[in-house]
Amino acid sequence: MKYMLLIYNNPAEEPEYGTPEFDSMMSDFFAANEKMKEDGVLVDGEGLQGIDTATSLRIKSGKVETMDGPFAETREHLGGYYIVNVPDLDAALSYAALIPSAKFGTIEVRPLMDYNPAG
Amino acid sequence: MGNTTPQTIAVAKILDEVIRNDRGRLLSGLISRLGDFQTAEDALQEASISALRHWGRSGIPHSPTAWLMKVALNKGIDRIRSSIRENKKAENHAQLAMKYTENIDPEDIPDERLRLIFACCHPALEEKSRIALTLRTVCNLTTREIAAVFIDTDSTIGQRISRAKAKIKAKGIGFSIPGPDLWSSRIDTVLSTIYLIYTTGYVTEESASQDFCNEALFLAQLLNNLTLADPEIEGALALMLLTQARKDARIDSDGASVPVFEQNRQRWNNHQIAQADDLLQNALKKKRPGPFQIKAALADCLMAEPNPDWEQMSFLYQSLWQFEPTAVVALNWAVVLSELRQEQQALTKIETLKEDLSEFQPWYAAYAHVLTKLGRYNEARVAYAQAIERSQNVANRHFLTAKLHELGVQ
């Protein structure tokens, strides 16, 4: 089963660039990446730029509306994601626990939809 | 021909008994091989219908449970094959299950209930769903029986159970035994669920609620039999046995609840107490303390003869605090302190907890109790009245009312 591990956190609580905490977070991210690759479960994974770079779009009565900023103002933002291919939820959770942001944010684990035409 | 009816009745009776005793085992074996709750339940249902026909014609098989397992597995494989044509995953399950039917040994159906318990008590499910699903699937209680204790309707519980089953499938919760890294947190969720089943049964006044207590004891015993002795499982089982042992003594002839150390010991179940003591001794030998072991030890100290060992209890609450730094633990600890002649400290501690426990009935009872010890009767009367107001339980209300009367109503 494929799962997306969505990384939500509050940028204010993230370790600051240049501090030892930041370095240890980055090396934990690196270790998590390596572990997922080594186990052959990593499908994809990216970090996102901050919400100040976000542009939102919706179509209202046929007209495209474009806005500066994210879809919803919340304290915790989507900051990145992994997609892993693993046998079950417990396996997905064990990889989610490797993501260092879990210590100050939340990792949401969601199965991807299965578009198998035979199913 | 004249025999047909009695024979059909006899077969139905035997089938009924096999299903009642072995449904959990059959279902867990089927689920872990067919990979899905619903398919497994439907397959078992179909196999039961076949059993009525076949057993009536050719006699009761040597091992009815193995017969049902084999036939249900075949039915399940057929279902998977016909409902989903080329789905690879389903094919894998079908192949796996096939391999199993070939090797089936009628005398030896592996017990897969442990996997099923871990799936039903997965932390990714809501607490109440865990309880309902476990009771329905592992213990074979009916939705009606479960609903009676929760004071819900039959259909609400039915829906909750089917939603939980759908969630297990959609979220990809596996029927697996957690590995060493997950073991202790998972066993904790399982034990909390079982303990909640127990306490729900214990505090509810419905007659059906005794089932919950018995099922919780059954589940903990099962868990203990199916795992390599885990001290927390032993602790949880010991705790429930010690509570259960006092069942007949907990309410007096006036219908008021009786504090443990004032209970008539003649009415305690010594067999259950001895069993609990053995379990607790075994658990403590492993030197891996945990909250259930500590709570069982607390129950044991409370039941000590001739008086509770308050001093030891105070140490135990200190250890429990390391695992569960909650307001409820702090409240119980404060009450123990008040028995050790530290009434003033106890009162101060209780007062600081008021904000967190303002709707918690035992807070008012504890407050009233300590105020009484300090001779502050007017305030104690008010607190008892507030405790009575918040009491959900008749026996408890009787007990508190008696305490209030001892102080003389003003």
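Let us look at the structure shown here.

Residue and element names in this part refer to chain B. Remark: helix α5 (residues 113-120) packs on helix α10 (residues 209-226), axes separated minimally by 10 Å, with the N-to-C direction vectors making an angle of 125 degrees. Judged by the inter-axis angle, α5 sits oblique to α10. When you trace α5 past α10, the crossing you get is left-handed. Of the residues in α10, those touching α5 at R113, L114 and I117 are F218, L219, L222, L223 and L226. A class-by-class count of the residues in the contact of α5 with α10 yields seven nonpolar, no polar and one charged.

Residues and elements named next belong to chain B. Following E305, the chain continues into P306 via a peptide bond in cis, with omega recorded as -5 degrees. Of note in this structure, N140 is not a glycine but carries a positive phi near 65 degrees. Mapping N140 onto the fold places it in the loop between α6 (127-137) and α7 (143-150). Classification of N140 by relative accessible area gives buried; the value is 19%. Its identity is not glycine, yet I151 carries a phi of approximately 50 degrees, on the positive side. With respect to the element layout, I151 can be found in the loop between α7 and α8 (154-171). For I151, a relative accessible area of 67% gives the class exposed.

Residues and elements named next belong to chain B. The residue N224 is located in helix α10 in this model. The class for N224 is buried, based on a relative accessible area of 14%. The residues contacting N224, other than those within four sequence positions of it, are I233, E234, L237 and L279.

What counts and how
- Residues numbered from 1 in each chain as written.
- Chains lettered and ligands numbered in written order.
- Predicted model: local features only at pLDDT ≥ 70, side-chain atom pairs only at ≥ 80, totals over all residues.
- Heavy atoms only, no water.
- Axes fitted to C-alpha atoms, helices over the stretch in contact; angles between N-to-C directions.
- Helix = DSSP H or I, 4+ residues; strand = E, 2+ residues; numbered from the N terminus.
- Parallel < 35°, antiparallel > 145°, perpendicular 65-115°, else oblique.
- Left-handed = near helix turned anticlockwise from the far one by under 90°.
- Contact = heavy atoms within 4.5 Å.
- Nonpolar A, V, L, I, M, F, W, Y, C, P; charged D, E, K, R; others polar.
- Buried < 20%, exposed > 50% of the residue type's maximum accessible area, 1.4 Å probe, protein only.

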